[in-house]
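# Topology and contacts: notes
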Amino acid sequence: MNTSDQQRSILLGQLEARAIALLHECDLGGWTKAAPSLYPHQWSWDSAFIAIGLAHLDTRRAAQELRSLFAAQWATGKVPHIVFNPAVRNYFPDAARWASNLSPAAPTAVQTSGLCQPPVHAIAAHRIGEVARASGGAVAADGHAFLLDFYPRLFAWHRYLATDRDPEQSGLITIYHPWESGTDNAPRWDRALAAAEVGEDLPPYERADLKHVSDPAMRPTAAEYDRYLWFVELLKRVRYDEQAIYATHPFLVKDVFMSAIFVAANTKLLAIAEMVGAPDGERAQIGNWRERGLRGIARQYDDAFGLALDYDVRAGASVRVQTMSGFAPLIAGGLSAERRAALLATWDSSAWLGDARLRWAVPPSTSPDDPAFDAARYWRGPSWPVMNWLFWWALREMGETARAARLRDVSLDQLLSGGLAEYFHPFTGEPLGSLAQSWTASSALDWLRTAG
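As the structure is a computational prediction, the values presented were derived from the model and not from experiment. (Residues numbered from 1 in each chain as written. Predicted model: local features only at pLDDT ≥ 70, side-chain atom pairs only at ≥ 80, totals over all residues. Heavy atoms only, no water.)

## So, helix α3 (residues 59-70)
When the terminal C-alpha atoms of α3 are compared, their 17 Å separation across twelve residues agrees well with the 16 Å that a helix rising 1.5 Å per residue should span. Among the twelve residues in α3, nine count as buried, and that is most of the element. Along α3, the residues that are buried comprise Thr 59, Arg 61, Ala 62, Ala 63, Glu 65, Leu 66, Ser 68, Leu 69 and Phe 70. Elements in contact with the buried residues of α3: β1 (42-43), α2 (44-54), β2 (82-83), α5 (121-135) and α6 (137-163). Where α3 begins, the capping side chain belongs to Asp 58, and its oxygen is found 2.9 Å from the backbone nitrogen of Arg 60. (Helix = DSSP H or I, 4+ residues; strand = E, 2+ residues; numbered from the N terminus. Expected span 1.5 Å × (residues − 1). Buried < 20%, exposed > 50% of the residue type's maximum accessible area, 1.4 Å probe, protein only. Contact = heavy atoms within 4.5 Å. Polar contact = N/O pair within 3.5 Å; in protein donor to acceptor, adjacent residues only side chain to side chain.)

Right, dumping it as structure tokens:
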């Protein structure tokens, strides 16, 4: 090992130590805060990513991360996007604003939001099982027991998404709010947001998020936030009833990115079902959900963009913007050689990772070629380490190991330079948002503990 390699190895060791320390700092016993101050509650897909990192430290604690989240599962099977920390009093929108208890399906023991987020959980559970099996002995036995116990909750969650969120059986998941996508104010929602009128009776509010960032310009605009909260009011008025939402709600979008994660999660859920000896009928259902999703995503591929596009149900049209969600088919997998080559050509193009202005060759959240690109604003341009992790994982799953290894290495370079930030300016490399983010720490830990 030469001097340069030795120095990098030392720096990576220091990064690993910081990642572990951050996860411990945000650990509240049974669950992990998304960030020390900006995000003081338990977020659904954050916890799934966090569990993947925790698996390398303690598989039982990783399993508990998911168990604590699913303890808030609704009777419908929905996993809420926020489980509120009762000790926090200054977060907005708080549990009272959501009033999820209006729904008879909501849990009574904890307070939650009324939305959901991308279903990364089966991927996380499967990863916990993998790490546990590799450890052998009692740890492996505990890991299997966790999967056996947890599988029914995962199946109920997936059944909810495949039915209530896709009543047309299109293979594409419908979201009711940009916050459900996880990519909150990406340009992919602009048209649907602009088409929605905010009622004059929107209750007044004071944003808490602007108090935790150095520049408010990085966060969603006031007009966007008004609409976010108006949608919450509309969901409350129908008591979060799925059929009523479909009939009346102004924001209904088939989210290709969430749909792709659902396909990938069904692949892992099917593997878990086989491990725990689930009934044949349930295994067949999971396989059908996966195949239906693959077909739905394939229909949304746009040859001109070289990307898959969301579908605005209310407008009856695809959403023609260039965001990283367009690479959703890479996450879903099951691609023909021709479609894989076309997507990877887009990935490498000057509109994406081939843009010479990028500080690191990682995907910006919106293409710099898109008119809506904003290098510093939340989901409209910055690069996100956790998304780097997701695409790295997907590339490995499809056998693109060399490409995945390059993405891992450059992603670690980004973290060595800017720390465990929520997201980064794609051109300057400046760390942005929360400068200490739990899922970034978990991504780093999984990269560092996984060969290749």
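## Observations regarding the sheet that holds strand β4 (residues 253-255)
Spatially, four strands are ordered β3-β4-β7-β8 in an open sheet, and the strand pairing comes out antiparallel. Each end of this open sheet is capped by a strand with a single partner; those strands are β3 (173-175) and β8 (317-318). In terms of strand pairing, β3 meets β4 through three bridges, oriented antiparallel. Bridge assignment links Ile 173 to a residue of β4, and that residue is Asp 255. (Pairing = 2+ DSSP bridges.)

## Some thoughts on the pattern of salt bridges
Applying the stated criterion across every chain, the model contains 29 salt bridges. Among the salt bridges present, the one from Glu 130 reaches Arg 127, with a minimum N-O distance of 3.3 Å. Taken together, the positions of Glu 130 and Arg 127, both in helix α5 and three residues apart, correspond to about one turn of that helix. Taking relative accessible area as the criterion, Arg 127 reaches 15% and is therefore assigned buried. Asp 190 is paired through a salt bridge with Arg 380; the nearest N and O atoms lie 2.7 Å apart. Pair noted here: Asp 190 is in helix α8 (residues 190-195) and Arg 380 is in the loop between α14 (337-348) and α15 (385-397), with a separation of 190 residues, a long-range link. Among the residues examined, Arg 380 registers a relative accessible area of 9% and is labelled buried. (Salt bridge = Lys/Arg side-chain N within 4 Å of Asp/Glu carboxyl O.)

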